Structure formats: C-alpha cells, structure tokens
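Residue strings, one per chain:
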Amino acid sequence: MRVLLISDIHGNLPALEAVIGEAKRLGYDTVWCAGDIVGYYPWANEVCEWVRENVERCVLGNHDAVIAGLVNPEYFSSSAYEAIVWTMKNLSEENKRFISSLPVVEDLNDTLLVHDTPLRPMSMEYILYPQQALEVLQNAERRFTVYGHTHIPVVYEYSSEGLNVYYNSQRVELKDNARYLINPGSVGQPRDGVPLASFAIWDREKKLLIRKRVDFDKERVLKEVLRRGLPPELGYRLFEGY
Ligand SMILES: [Fe+2]
C-alpha cells in the first residue's frame, strides 16, 4: 500500500491541487492527513470537501479545533486569528460538522497520526529540535508517528545507533530496527524557506518514504486573499516560503 501523507493544507486549494497532481503521477492508494485543513487561506469549503471524499484518516489540527469549539484562538497571531474568524463565518454547517467529528489522534496499528505531538496531543507543542524528537521517540507507543503542526518537513529515525535526522533527502529507506517521527511538511504554507508545497508518499511494502516539493500558483492565492479581505501578508509570505 502506498499512503499519501499530507498536513497543514490550511484552505489553500491551488497548493492542494498541485500536490494531488504530482502525487497522482507518482501513484498512491490512500491518504492520511495530520490536520489543519482550514485556517489562513480562503478555500476552506473546497478543501474540506476534498478531504471528506478522499482522505481515509484525518486528525484535528489546532486551527480545525477552533472551528470545533475546542480551542480559543486568543493566542493565535493576529493574521491567524483574523483568518480563523473569517473561516468560521464562511464555512458551511456541513463542513463545520465534519471538522467537529475529527479525532485528535488516529491509532493505526503500528502508526499514530496526530497533529502536534503524540506525548501530549492538542497541547499545541511544536517538535522543532532533535532533543524534543528524541524524547518523543523514546516514549511513543507506536513505531511510527506521523505529525504536522511545524510546517517543516523532516524525518527523525531512532535506533540503537542513536538519532538520525533527514532534512532534505528525497528518499528515506525505513529500517526494521528503528522508530520514526515523520512530518510530511505543509501543503498550504511552507515555513522552511522553500516556497513549495510539501508532501510524502509512504510505500509500506517497500519500506520507503518518498518526499516531494511542488510549486503552486501563489499569485492565484494572493489575489484571492486580497479579494476576500484576508490579511495580505498571508498571501505574500508564500513567496518567501515561511
Ligand atoms: Fe498548521
């Protein structure tokens, strides 16, 4: 089985379309999403509908959790706050119900799917440094954890040989004697300085992770951000990849 791993789409339909196009070319059987379907960009309904139809397993992100009434967005940055208030007003009731029905974690036998961290789901902590990854890998109950939240693609591998970090490798061969933390990066708002949408395809039989970046129509996103009255910096930041 080949699993398309995605996260942090954030209502960015042009980026999602670019990812699907490239992923279809590579081939996949199913889709798992590590949350944050909405927030920031204006295609919240379209992205929700695609997720409902195409994603086999999806967990709640912190922006989604605002829609579900589980998180107060007070601590959000001002542009994130404005965007989630806009999203709340513009999302259909059916899509709100769908988001509210999402679980915080999905336990998939050898894999845990979660938005932020498997140790404290919905704490909104960021796994940003190898030391934090090591703590998670030493304590996680499952051999694989797929997560998002940081918008930075990375794979942490932990075995008796210690911790190994894959930042940019396009192919990661998964070893039988190791545990993994896999972040496929963000579809809708990359934050590693690379202005490209990010995703991964996990070939379970071949024990291989293929990581990809793909360009998308950032002008189209900017135009729509301005037209819908969302904070302009949400459009401009995409050109910088953060
Ligand atoms: Fe996010």
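Worth saying up front: this structure is predicted, and the values here are computed from it rather than measured. (Residues numbered from 1 in each chain as written. Predicted model: local features only at pLDDT ≥ 70, side-chain atom pairs only at ≥ 80, totals over all residues.)

Draft legend 1. How the structure looks around the environment of V146. Tracing the chain through its elements places V146 in strand β6 (residues 144-146). Along the backbone, V146 and L163 are 17 residues apart, and their C-alpha atoms lie at a distance of 17 Å. Residues contacting V146, with those up to four places away along its chain left out, are L5, W32, A34, T111, L113 and I182. (Helix = DSSP H or I, 4+ residues; strand = E, 2+ residues; numbered from the N terminus. Contact = placed C-beta atoms within 7 Å.)

Draft legend 2. Examining helix α5 (residues 93-100) more closely. When α5 is considered as a whole, its buried residues turn out to be N95, F98 and I99. For α5, the arc enclosing every buried residue in end-on projection is 95 degrees, short of the 170-degree limit, so these residues lie on one face. Exposed and facing more than 90 degrees away from the buried side of α5 are E93, E94 and R97. Among the structural elements, α2 (44-54) and α3 (62-67) are those in contact with the buried residues of α5. (Buried ≥ 20, exposed ≤ 12 C-beta atoms within 10 Å, placed from the backbone. Arc of directions from axis to C-beta.)

Draft legend 3. Region of interest: the pairing of strand β1 (residues 2-6). With 4 of its 5 residues buried, β1 lies for the most part within the structure. Bridge count for β1 against strand β11 (residues 197-203) is 4 bridges, and the pairing is antiparallel. Across the sheet, residue L5 finds its bridge partner in β11, namely A200. By the bridge criterion, 4 bridges tie β1 to strand β2 (residues 30-33) in an arrangement that is parallel. Residue pairing for β2: I6 is matched across the bridge by C33. Each parallel crossover has a hand, and the one from β1 via helix α1 (residues 13-26) to β2 is right-handed. (Pairing = 2+ DSSP bridges. Right-handed = clockwise from strand over helix to strand, strands pointing away.)

Draft legend 4. Representation of the sheet that holds strand β4 (residues 105-108) within the structure. One open sheet holds the 6 strands; their spatial order is β4-β5-β6-β10-β7-β8, and the pairing between them is mixed. In this open sheet, the two edge strands, each paired with only one partner strand, are β4 and β8 (162-166). For this sheet the average axis-to-axis angle between neighbouring strands, irrespective of direction, equals 15 degrees. Across 3 bridges, strand β5 (residues 111-114) lies against β6 in parallel orientation. In the sheet register, L113 faces β6, and the bridge partner there is V146. (Axes fitted to C-alpha atoms, helices over the stretch in contact; angles between N-to-C directions.)

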